[in-house]
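Read off the chains here:
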Amino acid sequence: MKILSIESSCDETAAAVIEGREILSSVINTQVAEHKKYGGVVPEIASRRHSENISAVVDKAIADAGITYADIDAIAVTHAPGLIGALLVGVNFAKGLSLSLGVPLIPVHHLRSHIAANYLEHKDLKPPFLCLTVSGGNTLLTVVRDYTDFEIIGQTQDDAAGECLDKSARIMGLSYPGGVNLDKIATVADTAKYPLPTPHTAGKYDFSFSGLKTAVVNTVHNAEQKGIAIDVPVLAATVRQKVCDILIDHTLKAADEFGFDKIVLAGGVSANSELRSRLTAECERLGYSLYYPPLKLCGDNAAMVGAQALYEWESGNIADMSLNATATLQINYR
Ligand code: KG4
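Residues numbered from 1 in each chain as written. Predicted model: local features only at pLDDT ≥ 70, side-chain atom pairs only at ≥ 80, totals over all residues. Heavy atoms only, no water.

1. Description of the site of the ligand
- Residues in contact with the ligand amount to 18 residues; listed here are only the nearest, His-110, His-114, Gly-136, Asp-166 and Gly-268.
- At a separation of 2.9 Å, a nitrogen atom of the ligand approaches a polar side-chain atom of Asp-183.
- In isolation the ligand offers 550 Å² of accessible surface; the protein chains occlude 85% of this area.
- When residues of the shell around the ligand are traced back to their parent elements, those giving at least two are α4 (110-121), α5 (161-171) and α6 (178-185).
- Split into classes, the residues belonging to the shell around the ligand amount to four nonpolar, eleven polar and three charged. (Near = heavy atom within 4 Å. Polar contact = N/O pair within 3.5 Å; in protein donor to acceptor, adjacent residues only side chain to side chain. Areas by Shrake-Rupley, 256 points an atom, 1.4 Å probe, with all protein chains shown as cover. Helix = DSSP H or I, 4+ residues; strand = E, 2+ residues; numbered from the N terminus. Nonpolar A, V, L, I, M, F, W, Y, C, P; charged D, E, K, R; others polar.)

See below:
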């Protein structure tokens, strides 16, 4: 079954052709350079660029796969969550294609697709497993009982880990996308020089990153007021270490309590070098199998949408022409 998948939830216009767990083509048109000028994604600009680019991106995905539109068996699209205007472009384009080709339309939840990026890399990976999904807008720990059956055991009560890293980077003068640049510049953490708080949450596996973000902002402002230069590589490493401490602590405790020996990482922040290396070492030490996507599949792409779409299709999740985009939707929706 060849699935043409479309992703436009934020600032990447992407399309791919997927057959099972094989990527036949994957095209990503990123708007990073344009949003960089504003220090973050400007939603209206994102929607306009998706509108301009989507047709060419989809055409290229078909051409790169060496097929024609007539070979497509289904259209998959990210319908939630994300920037509403951006999502609507992909959803409406996908509806038009589904209608004109006479093939089914499969709606895909953005975070489910981030998890599914792992299926493209790890051909033997099957639920059940414990998954830590960390991106710019979300941070959650889920039990993936089956491909379309998710139980949330913890999630952020305020900011996502990616938001904390992005805004910390911005206050330190690093350019957008901040999390990536913070990871590149970070050297060795120094908690004596830059003490940062450990956030507390009522839920054992919940997260909170807004206090940490504010602490970094205050650290920079206080230094500025006193005329003291910030050691950016050290502060960057200290924030990164704190975020990783929290993510790794919760994940390992949950794996132990729920009895999972398979741990999966997903989302844009799963590209973080410290998170990957420390979790790899901890999992080796404790005897867990750890899976994470290759770097090219950590950020937003359409290949992961197609990967999840196959399982949505098998579970009967097919949309009709009334499909709408939704800005917020929990991963365990039915
Ligand atoms: O999953 P994603 O591409 O978009 C969302 O769905 O949110 O994640 C984007 C997030 C941004 O916060 C970005 O700064 C972060 O992933 N990110 C990183 C790294 N690469 C991307 N954060 C830390 N270290 C990285 N290497």
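2. Description of the pattern of salt bridges
- Taken as a whole and assessed by the stated rule, the structure comprises 21 salt bridges.
- Note that Arg-145 and Asp-149 form a salt bridge whose closest N and O atoms lie 2.8 Å from each other.
- The salt bridge partner of Lys-193 is Asp-231, with a shortest N-O separation of 3.6 Å. Remark: Asp-231 occurs in the loop between α7 (210-226) and α8 (232-258) and Lys-193 occurs in the loop between α6 and α7; sequence separation between them is 38 residues.
- Overall, Lys-193 belongs to the partly exposed group, its relative accessible area being 44%.
- The class of Asp-231 is partly exposed, set by a relative accessible area of 27%. (Salt bridge = Lys/Arg side-chain N within 4 Å of Asp/Glu carboxyl O. Buried < 20%, exposed > 50% of the residue type's maximum accessible area, 1.4 Å probe, protein only.)

3. Let's talk about the sheet that holds strand β6 (residues 129-134)
- Read across the open sheet, the five strands follow the order β8-β7-β6-β9-β10; overall the sheet is mixed. Edge positions in the sheet fall to β8 (149-155) and β10 (289-291), since each of these pairs with one other strand and no more. On average, adjacent strands in this sheet sit at an angle of 25° to one another, irrespective of strand direction.
- Examined bridge by bridge, strand β7 (residues 139-146) and β8 share six bridges and lie antiparallel to one another. Within β8, the position partnered with Val-143 by the bridge is Glu-151. (Pairing = 2+ DSSP bridges. Axes fitted to C-alpha atoms, helices over the stretch in contact; angles between N-to-C directions.)

4. A closer look at the nonpolar core
- Ranked by size, the top nonpolar core spans 45 residues in total, and within it Met-172, Phe-209, Val-243 and Leu-247 carry the most contacts.
- Setting aside chain neighbours within four positions, we find Val-243 in contact with Ala-161, Cys-164, Leu-165, Phe-209 and Leu-212.
- Ile-106, Tyr-119, Tyr-291 and Tyr-311 belong to the second largest nonpolar core, which has 34 residues in total. (Core = buried A, V, L, I, M, F, W, Y, C linked by side-chain atoms within 4.5 Å. Contact = heavy atoms within 4.5 Å.)

5. Things to note about unusual backbone geometry
- Omega for the bond connecting Ala-80 with Pro-81 falls within 30 degrees of zero, at -20°, which places this linkage in the cis form.
- Mapped onto the secondary structure, Pro-81 falls in the loop between β4 (74-80) and α3 (84-101).
- The residue after Pro-127, namely Pro-128, is reached through a cis peptide bond having omega 5°.
- When you line up the elements, Pro-128 lands in the loop between α4 and β6.

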